[in-house]
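Chain and residue survey
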Amino acid sequence: MLVDARRLADLQKRRELKAAGLLTGRMRRRARRRNRDIDLGVEIPFHKPAPAGFHSTKDEDLDAERIRNQRLRDVDFRRLNEANYRSRDREAKERQKREEARLRSLERSNMQYVVAEVSKRNDPIA
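From a predicted model like this one, the values you see are computed outputs, not experimental measurements.

Once that is clear, we can look at the overall build of the protein. When you go through the protein residue by residue, the secondary structure sums to five helices and zero strands. Reading the protein from its N end, one meets helices and strands in the order α-α-α-α-α. Per-residue burial over the protein gives 6% buried out of 126 residues. Surface exposure of the protein reaches about 12400 Å², of which carbon and sulfur atoms provide 53%.

Here it is as structure tokens:
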């Protein structure tokens, strides 16, 4: 009687897995060979499906909002602004150095153009 019940339960399980598309011919043959082992490719051990229906995420939303607010409080905006000012000043200095290097290289090759460009920059009317 116990053997019949086990056989029927196994048959029902194979039918359900086959209907779900989780049991192919190769897996059935493998399952027959190792009857006692759980095939982790077919079955998820200790799997508990989520209950059907709508679920409230209010607690999770509150936690996420609390974490977001904490992160905003932890940000030191003064330090960020100072870093931005420093980087802007550094970029301005680098730009000025590049411009001076360009003018020096132009000086060697085309002196008239350099003189015209410098006078144009220094001319308050233009």
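What follows concerns the pattern of salt bridges. Scanning the entire structure with this criterion turns up five salt bridges. A salt bridge links Asp 10 to Arg 14; its shortest N-O distance comes to 3.9 Å. A residue pair is termed a helical-turn pair when its members lie 3 or 4 positions apart in one helix, as Asp 10 and Arg 14 do in helix α1 (residues 2–20) at four residues. Among the ionic pairs, Arg 102 bridges to Glu 99, the shortest N-O distance being 2.9 Å. Linking Arg 102 with Glu 99, this pair stays in helix α4 (residues 77–109), spanning three residues, or about one helical turn. By relative accessible area, Arg 102 is classed as partly exposed at 34%. Three or more residues are tied together by salt bridges with common partners; here these are Glu 99, Arg 102 and Glu 117.

Mapped onto the elements, Glu 117 comes out in helix α5 (residues 111–122). Residues within four places of Glu 117 in sequence aside, it is in contact with Glu 99, Arg 102 and Leu 103.

Along the chain, Val 42 falls in the loop between α2 (25–33) and α3 (58–74). Measuring from C-alpha to C-alpha, the distance between Val 42 and Gly 21 comes to 10.0 Å, with 21 residues separating the pair along the chain.

This paragraph deals with the confidence of the model for the protein. With 89% of its residues at a pLDDT of 70 or more, the protein has an overall mean of 81. Mean pLDDT values for the elements of the protein range from 60 in α2 up to 89 in α3.

How each quantity is defined
Residues numbered from 1 in each chain as written. Predicted model: local features only at pLDDT ≥ 70, side-chain atom pairs only at ≥ 80, totals over all residues. Heavy atoms only, no water. Helix = DSSP H or I, 4+ residues; strand = E, 2+ residues; numbered from the N terminus. Buried < 20%, exposed > 50% of the residue type's maximum accessible area, 1.4 Å probe, protein only. Areas by Shrake-Rupley, 256 points an atom, 1.4 Å probe, with all protein chains shown as cover. Salt bridge = Lys/Arg side-chain N within 4 Å of Asp/Glu carboxyl O. Contact = heavy atoms within 4.5 Å. pLDDT = per-residue confidence, 0-100.

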